[in-house]
Amino acid sequence: MSAETGPVGTAPRAPRPVLLHALLAGLDFDRYFRWRRTRDGDPFLVRFPGFGSALFTGSAAGAREVFRAPADSVRPPLPNPIEPMVGPSSLILTRGAQHRRDRTLLAPAFHGGRIRTYGSIIRDAAAAELDGERTGTPWRSGTRIDARAAARAITLRVVLAVVLGVDDERRRDEYCAATTEFLNTYGGALMLIPALRREVFGRAPWNRFIAARDRLDALIDREIACRRTSVPGTDILGSLLDTRYDDGSVITDAELRDQVRTLLVAGHETTATVLVWALYRLHREPAALRRLRAELAAHAGAEPADIARLPYLDAVCQETLRLHPPVPIVLRRLTGEFTLRGQRLVAGDTMGVAVPLLHSDPAVWARPRQFRPERFLERHYGPFEFAPFGGGHRRCVGAALADYELRIVLATVLGRARLRLSPRFAQGRIPISVPHNIATGPRVAITFDVLESGSE
Ligand code: HEM
């Protein structure tokens, strides 16, 4: 529900004390959501101080209702914590006719056939990280790897190549530095407390964020200006410059800048987080790791497109996305009346899918807390049971790229290196997930020790 209107009709009230609930959700939202489902059933209302409330469902029946809501009856909630990062023209934030128009422009650049041409770029990006191109330190036995830093470096390299065609070292370094600084200056506090978004004598966190965003925008603007006067290129920017809206007009520079920034942000932290969790889970489950290694060994030297089709590799990626969806909540704000799981909502109310709950619904998933990729070989799960990329008319536009990238990077890393979780992570509790910019990921930096690597 909107903060202004409060609950209507039969909809439940936000639990009190509000701040205590916000604190519990902030400390470990996964656990908080599970507790709320057990206590209140499905759906339940959660209040986000500063952003209003949302009625959440974590069931397949509820997800079906949310994802099937007519496109004109919903829009993204505003204010939105990521708005300063992606900008007002971002596909993530636009609605109605503008969203339809931009989606039609962007979606073809992410179709499966197009994505498959990026196979060698993805494999080379993973290999470059193992060779130590970024750090100067190749993965050799005895090296300790910070999995998030390594995964981010790989996925940033991929997204820069795929979206902007960046393939030379100088430009890559420039973009990597600007994007990383941009992301690092937008911490959890700025994201969740809008009151902090103000300039204070040029020294506040907000000032640093604006300066970093300006630096990244300057690079993007330079790229757009250069491409407008030359051959557009085969990357996603090229395809956006080359395409016209249905009325014959072209995308403006300001809109293009927001879309490019969106793709850089949405397209690498998310995938990087899943890679970290996949490596972590596999190294905690020796049988799964053995089975995957055997499958990869049987297809050593295969083309990326063939690797990406391997069934157990596919199951491992799906099971990781099930247990650790990097975008754990998917929200829709209503423009008219709607009924979610029997609860009446009105215009301005917000409803959402709690993806971790959907992915652990005992009615669908046997032993849901267990990492068991085999479940994806035994049964097909429908789009309202398994929805790491959301659903309906706003389903993640980069899903095919992310799926392809996950499989090829994982295969390249496991094919070239033998790793061991550092002793502190090898046993004990699974780290909790917290928001990192646009995605949630492990709160602590998970590290691996390299036992053996193709770089030696
Ligand atoms: C494992 C990686 C990823 C995950 C789990 C993920 C997940 C999601 C989710 C849950 C949504 C919201 C969908 C909804 O509202 O129903 C979304 C939207 C979006 N994602 Fe992804 N994403 C990933 C990777 C990517 C990549 C690689 C790109 C592009 C390079 C991308 C670009 C976008 C964009 C532009 C949207 C907004 C779509 C719209 O509103 O029409 N994502 N993503």
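Residues numbered from 1 in each chain as written. Predicted model: local features only at pLDDT ≥ 70, side-chain atom pairs only at ≥ 80, totals over all residues. Heavy atoms only, no water.

> What exactly am I supposed to notice about the overall build of the protein chain here?
Summing up its helical and strand segments, the protein chain has 21 helices and twelve strands in all. Against the compact-globule benchmark of 23 Å for 456 residues, the protein chain has a radius of gyration of 22 Å, which places it among compact chains. The dimensions of the protein chain, computed from C-alpha atoms along their principal axes, are 65 × 55 × 45 Å. When burial is assessed residue by residue, the protein chain has 56% of its 456 residues classed as buried. For the protein chain, long-range pairs separated by at least 24 residues make up 72% of all intrachain contacts whose partners lie at least 6 apart in sequence. (Helix = DSSP H or I, 4+ residues; strand = E, 2+ residues; numbered from the N terminus. Rg over C-alpha atoms; globule rule 2.2 N^0.38 Å. Buried < 20%, exposed > 50% of the residue type's maximum accessible area, 1.4 Å probe, protein only. Contact = heavy atoms within 4.5 Å.)

> Sorry, what's going on with the nonpolar core here?
If you look at soluble globular proteins, the nonpolar side chains tend to sit buried side by side. In this structure, F110, W139, L164, I236, L282, L313 and L410 are the most contacted members of the largest nonpolar core, which totals 106 residues. Ignoring anything within four residues of it in the chain, the contact list for L282 reads A288, L289, L292, V316, F371, L410 and L414. Judged by nonpolar contacts, the second largest core, of 19 residues, contains A63, L345, M351 and F384. (Core = buried A, V, L, I, M, F, W, Y, C linked by side-chain atoms within 4.5 Å.)

> Explain the packing of helix α7 (residues 119-130) against helix α20 (residues 399-416) here, please?
Each packed pair of helices is defined by two parameters, the angle between the axes and the distance between the axes. Taken N-terminus to C-terminus, the directions of α7 and α20 make an angle of 40°; their axes are 9 Å apart at the nearest point. Considered as vectors, α7 and α20 are oriented oblique to each other. For the element pair α7 and α20, the recorded crossing hand is right-handed. Touching G119, I122, R123, A126, A127 and L130 of α7 are L401, Y404, E405, I408, V409, T412, V413 and R416, all from α20. A class-by-class count of the residues in the contact of α7 with α20 yields nine nonpolar, two polar and three charged. (Axes fitted to C-alpha atoms, helices over the stretch in contact; angles between N-to-C directions. Parallel < 35°, antiparallel > 145°, perpendicular 65-115°, else oblique. Left-handed = near helix turned anticlockwise from the far one by under 90°. Nonpolar A, V, L, I, M, F, W, Y, C, P; charged D, E, K, R; others polar.)

> What should I look at first to understand the packing of α7 against helix α8 (residues 147-164) in this one?
In contact at an axis separation of 9 Å, α7 and α8 are set at 145° when each is read in the N-to-C sense. Like other packed secondary-structure pairs, α7 and α8 cross with a definite hand, here right-handed. On α8, the residues touching I121, I122, A125, A126, A128 and E129 of α7 are A150, A153, I154, R157, V158 and A161. In terms of residue class, the contact of α7 with α8 is built from ten nonpolar, no polar and two charged.

> What's the story with the pattern of salt bridges in this structure? I'm lost.
Oppositely charged side chains can form a pair if their charged atoms are brought close together. Applying the stated criterion to the full structure yields 33 salt bridges. A salt bridge links R157 to E133, with the shortest nitrogen-to-oxygen separation between them at 3.1 Å. Taken together, the positions of R157 in helix α8 and E133 in the loop between α7 and β4 (144-146) put the pair 24 residues apart, joining distant regions of the chain. Owing to a relative accessible area of 19%, R157 belongs among the buried residues under this scheme. (Salt bridge = Lys/Arg side-chain N within 4 Å of Asp/Glu carboxyl O.)

> In this structure, what is going on with the coordination of the iron atom of the ligand? I would like to understand it.
The expected angle between donors at a tetrahedral four-coordinate metal is 109.5 degrees. At an octahedral six-coordinate metal it is 90 or 180 degrees. One donor from the polypeptide reaches the iron atom of the ligand: C396 (SG), at 2.3 Å. Checked against the element boundaries, C396 lands in the loop between α19 (375-378) and α20. (Donors = N, O, S within 2.8 Å, 3.2 Å for Na, K, Ca; no water.)

> Teacher, can you tell me more about the sheet that holds β4 here?
In a beta sheet, neighbouring strands are held together by backbone hydrogen bonds and run either parallel or antiparallel to one another. Read across the sheet, three strands follow the order β4-β12-β9 without closing on themselves; strand pairing throughout is antiparallel. Across the chains shown, the open sheet's two edge strands, defined by having one partner strand only, are β4 and β9 (417-421). For this sheet the average axis-to-axis angle between neighbouring strands, irrespective of direction, equals 40°. (Pairing = 2+ DSSP bridges.)

> Is there a simple way to think about the side chain of S73 in this case?
Structurally, the position occupied by S73 is in the loop between α3 (60-67) and β3 (74-75). Side-chain polar atoms of S73 contact the backbone oxygen of P70, separated by 2.6 Å. Apart from the residues lying within four places of it in its own chain, the contact partners of S73 are R333, L334, T335 and G336. (Polar contact = N/O pair within 3.5 Å; in protein donor to acceptor, adjacent residues only side chain to side chain.)

> Mind showing me how you'd approach the side chain of T155 here?
With respect to the element layout, T155 can be found in helix α8. Setting aside residues no more than four positions away along its own chain, T155 makes contact with H268, T271, A272, L275 and E405.

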